[in-house]
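Chain and residue survey
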Amino acid sequence: MVIIGTPHDLENYFMADGDLAFQLHQKGFIPKYEDDGCLYFKLNNKLKKYLEKIGIEV
Amino acid sequence: MKLPLQKNISFALEDVEEIPDWADVYPENKFTVAKCCFLSTRENSHGLEISEKVLRECASSILGNFLVAKISWGDATTHVDSESIYGYFPMEQDIQFVEDEDGILKAYAYAVISKRYSKEFNGIFEYQNLRDSSVEMTITCEDDNEDVVTSFDIYGLTCLGKTVNGSCPDADIKLVRFEEKMAEKYFKKHDILSTLKEFVEERKQQMAEKRYKIDKSKESMSTKPWGDVDKTDLRNKIMEASNKSELVKACYMLVEDGWEDAPSEHLKYPVMCFEGDKLVYNRYGLSSALAYAKQENETSVINKIKAIYKKLDIDDDSERKEEKDMAEIEFSAVNIGDLWGKLYTAMRDLRHWEYSIKGIYEQDNQKFAVVYDDDMKLYRLNFSLTEEGLSLSDEIIEVKEEFIETDNMKKFAEPENVSDYRKENKEDDEDSDSDDKDEDEEEDKQVEEMSISELQEKISKLEKDVEDRDNIIMKNNEELETLREFKKGIDEQEKAKVVNSLMEEVEKFLDPEMMKSLRDEGMKCELCDMDAWSNKVKAMSFSAISKSKKKNSDIWSFSAPISNQKEKKSNSVWDRI
C-alpha cells in the first residue's frame, strides 16, 4: 500500500521518481507515500547506505 | 517477505476460482476477470495498523476505482505517475473478506479487464499468473498515534512487477477468467486486418467463381472492329474466370502448353470477344486470325477457322476478298517507297500541310508515322495499310520523344527520296537545285557570249593573278624563314637561361663531370622538353644528396656511443665519487 500525499516530516524521507524509484523498490525499499509521481521512501540506515553505494548523497 | 518465485502456481483443480454471477454482465469475449487481495490486517512494511473493523468499513472504497499499472519491458513496475488504467472494480460486487488460519482478515475484490484494450496487461500474466499489488489510498490516523489507521479511502490498485513487493504481504492479483482461445477467436473475427483478409479472400473466391458463357451462334457474332477489342483485357478476363479452360479453348485457335503460367506467350490467334458476360465470335477477329495463320502457315489454325466459317456459314469468297482487302499488310511485305508516298499523299489529302514525315513505325501490328510541324514538335499519326489502301487515323497525338526501335516496335526504312516527304529539306533541296541550275545556265550563256580575244585577255589576267599569288607566297616564305631564325635564337637564349639557372642550383650536389654532361644534354633539348630534363637533373641531385646523407650518418653512428655513455651515467653518488 502507498499513501497518497507527502509526509509531514519530509526530512525523514528520500524522494525519488522514475527509474531510481523503481530501482529502490526493486531493492526492497517500499515507498510509503506517493505524490504526483514521486515516491517517498523512509530514510533509514539501510537506505542511506544503499544511496551512498550508488553515489547519491543524502 | 514473499519472494516472487514462491508465487509460481500450478493450475490444479483446487485453484479453479468460482466466478461471481455479477461477472456475467461482462462478457467473456470482452473481459478478463482478476481476483485481487488488496489489503489485509497482517502487519505491513510501513507499520500501519489496520484493524479488522477499519478494513471491513473502508475496503469497499476500492469499488468503482481502477486497476492500474506501468508496464515496461513486458512486466509491471511500481507506482509512477505514468501508470495506465487497465481494469476496473465494478460496483456490482461485494468485497469478499476471508479470514485465514492465522486469524488474518483479507479483503478481496474482482477487477474486470478489457481483452481488447488491455492486451499488454493481460500479457504479463501469461507467464506467471500472480503479481503483488499495492493500493493507493489516503488515510486518517489516530491523533496520538500516526501508525494506527482509523479510515482509508482507496483510489486505485497498482499491479506491481515480479521484481518488487508490496507493503501488504497478502496483496496480490491473479486472473481468474481468461480463455485465450475465445479471445483470439473474438479478436480474429473483429480485427481490421482480419476483416480485410476475409474481404480479399471473399473477393478472390467471387472472382474465381466468375464464369462466362460462350455463345458460338452466328446471330450473336460480333461485328465490332477487331482493333477496338482490347486483347489484353480479353485475356485477363478469361484467365480470371473459373471456366478459363473452356474459354481459352473456344477463344484461342492455338493453345500451347504452359498457357496457364504464361498466357500472353502461349495463347494465340484469338477469334472471340466479350459481349456483356458472353464470349462470342468476332467477324473480323476470325478474318485477322485466318490471315495471320496463313502468313505463318499454321495449318491447324487455318483448318480450325475454316471449320468455324463453315459452321457459321460465312461466305468463303467474300471472306477471301475481305481477307485480302482487310488484312493489314505485314511489316516485311510493305513496299517502302510506296508506303511513304501513300502516306504523304494521304496526309496532303486530309490537308495535313503543316506536317512532315520523320519516320514510319509499326508496333503490335499498328503502323504509325512520327510527323513534325514547323515548330519541330513531334506527333504520332496512326494509319492502317491494307490492299484497299492507306487510311489515316483522325487523331494526331503529340509525343514528347522520338521512338526507338525495340522488339515489338519496328521502324520502316527510309526511301532514297525521303527528302521529298520532309517539308523543309524538300524546300531547301529545291532551292539549292534551282541555284545550281541557274549558275550553270549563266555560265553557259557567258561562255557563248565571250570572244577569243576576251578569253585570252582573261587567261593572261588569270596567269598574272597566279604569278602574283606565287610571289606573295614566296615573300611570305622568306619572312617565315626569318621569323623562324629569330624564334630559334630566342628559344636558345631561353634554354640557356633555364639550363644555367638550374645548373647553378645543383652545382654543389653534383660533380663537375656530371654537371658538364647534364649541361650539354640540356642545351641539346628542345624548349618543350626542358621540363623533363629539369626533372632528370633534380632527380640526380636528390640521389646525390641521399648518398651524401648516408655518408654523414656513418659519421654520426661513430659519435653515438659517446653520447650513450653520458646517458648511462649512474645517479649514485658513490659511483660518481
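Residues numbered from 1 in each chain as written. Chains lettered and ligands numbered in written order. Predicted model: local features only at pLDDT ≥ 70, side-chain atom pairs only at ≥ 80, totals over all residues. Heavy atoms only, no water.

**Quick notes on the overall build of chain B**
Secondary structure summary: chain B contains 16 helices and 21 strands in total. Looking at chain B alone, contacts between residues at least 24 apart form 64% of all its contacts between residues at least 6 apart. Here chain B has roughly 36,800 Å² of accessible surface; of this, 49% comes from carbon and sulfur atoms. (Helix = DSSP H or I, 4+ residues; strand = E, 2+ residues; numbered from the N terminus. Contact = heavy atoms within 4.5 Å. Areas by Shrake-Rupley, 256 points an atom, 1.4 Å probe, with all protein chains shown as cover.)

**A few points about the nonpolar core**
All names here are of chain B. If you look at the biggest cluster of nonpolar residues, it comprises 44 residues, and the most contacted ones within it are F38, L39, F121 and F152. Sequence-distant contacts of F38, that is, excluding residues within four places in its chain, are made with A59, I62, I95, A107, Y108, A109, S133, V135, I154, L157 and A171. Counting 32 residues, the second largest nonpolar core, distinct from the first, contains M239, C251, V271 and L279. (Core = buried A, V, L, I, M, F, W, Y, C linked by side-chain atoms within 4.5 Å. Buried < 20%, exposed > 50% of the residue type's maximum accessible area, 1.4 Å probe, protein only.)

**Regarding the state of the cysteines**
Residues and elements named next belong to chain B. This model, assessed by the stated rule, comprises zero disulfides over all chains. Considering cysteine sulfurs only, C159 is the nearest to C36, which forms no disulfide, with 8.3 Å between them. Of the residues examined, C36 reaches a relative accessible area of 0% and is grouped as buried. (Disulfide = S-S within 2.5 Å.)

**Some points on the pairing of strand β18 (residues 366-372) of chain B**
Residue and element names in this part refer to chain B. With six of seven residues buried, β18 lies mostly within the body of the structure. In terms of strand pairing, strand β17 (residues 356-363) meets β18 through seven bridges, oriented antiparallel. If you follow S356 over to β18, its bridge partner there is Y372. Here β17 folds back onto β18, and the loop between the two strands holds two residues, one of which, D364, carries a positive phi near 50°. As paired strands, β18 and strand β19 (residues 378-386) are joined by six bridges and run antiparallel to one another. If you follow V370 over to β19, its bridge partner there is R380. In this structure, the hairpin formed by β18 and β19 is closed by a connection of five residues, where M376 is found at a positive phi of approximately 65°. (Pairing = 2+ DSSP bridges.)

**A look at the sheet that holds strand β15 (residues 272-275) of chain B**
Residue and element names in this part refer to chain B. Ordered in space as β12-β16-β15, the three strands form an open sheet in which the pairing is mixed. In the strand order of this sheet, the two ends are held by β12 (213-215) and β15, each with one partner. Going from strand to strand, the sheet's axes swing by 35° on average, the running direction of each strand aside. Relative to strand β16 (residues 278-281), β12 runs parallel, the two being bridged by three bridges. Its bridge partner being in β16, K213 is matched across the sheet by K278. Across the sheet, helix α5 (residues 231-240) lies against β15 and β16, angled at about 75° from β15, the strand it touches most. (Axes fitted to C-alpha atoms, helices over the stretch in contact; angles between N-to-C directions.)

**A closer look at unusual backbone geometry**
Residue and element names in this part refer to chain B. Despite not being glycine, W73 has its phi angle at roughly 50°, a positive value. Within the element layout of this structure, W73 appears in the loop between β4 (71-72) and β5 (75-76). Its identity as a non-glycine residue notwithstanding, N297 has a phi of 60°, on the positive side. Along the chain, N297 falls in the loop between α8 (283-296) and α9 (299-312).

**Things to note about a negative patch on the surface**
Residue and element names in this part refer to chain B. The grouping of E49, E142, D143, D144, E146 and D147 at the surface amounts to a negative patch. Relative to the assigned elements, E49 resides in strand β2 (residues 49-50). Accessibility expressed as a relative area gives 49% for E49, which makes it partly exposed. (Patch = residues over 30% accessible without salt bridge, like charges linked within 9 Å, V, L, I, M, F, W, Y side chains within 5 Å. Salt bridge = Lys/Arg side-chain N within 4 Å of Asp/Glu carboxyl O. Lys, Arg positive; Asp, Glu negative; His and termini not counted. Charge placed at Lys NZ, Arg CZ, Asp CG, Glu CD.)

**Points about the interface of chain A and chain B**
How big an interface is tends to be stated in terms of accessible area lost as the parts join. Opposite the 15 residues of chain A that make contact, chain B presents 29 residues. Looking only at chain A, the three residues that lose the most surface to chain B are M1, I4 and I30 of chain A, adding up to 40% of its buried area. Remark: the boundary between chain A and chain B carries zero salt bridges. Taken together, the connections running from chain A to chain B amount to 10 residue pairs in polar contact (both at pLDDT 80 or more). (Buried area = accessible area lost by both parts, 1.4 Å probe. Polar contact = N/O pair within 3.5 Å; in protein donor to acceptor, adjacent residues only side chain to side chain.)

**Quick word on the environment of Y355 of chain B**
Residues and elements named next belong to chain B. By the secondary structure assignment, Y355 is in the loop between α11 (336-349) and β17. Separated by 16 residues in the primary sequence, Y355 and V371 place their C-alpha atoms 5.9 Å from one another. When residues no more than four places from it in sequence are discounted, the contact partners of Y355 are M347, R348, V371, Y372, D373, Y379 and I396.

**So, the packing of helix α13 (residues 452-506) of chain B against helix α14 (residues 512-524) of chain B**
Residues and elements named next belong to chain B. Packing of α13 against α14 brings their axes to within 9 Å, and their N-to-C directions diverge by 155°. Viewed along their axes, α13 and α14 adopt a mutual orientation that is roughly antiparallel. α13 and α14 meet at a crossing whose hand is right-handed. Within the contact between the two elements, α13 uses E492, K495, A496, V499, N500, M503 and V506 and α14 uses M515, L518, R519, G522, M523 and K524. Per-class residue counts for the contact of α13 with α14 are seven nonpolar, two polar and four charged. (Parallel < 35°, antiparallel > 145°, perpendicular 65-115°, else oblique. Left-handed = near helix turned anticlockwise from the far one by under 90°. Nonpolar A, V, L, I, M, F, W, Y, C, P; charged D, E, K, R; others polar.)

In short, shape yes, function no, at least from these values alone.
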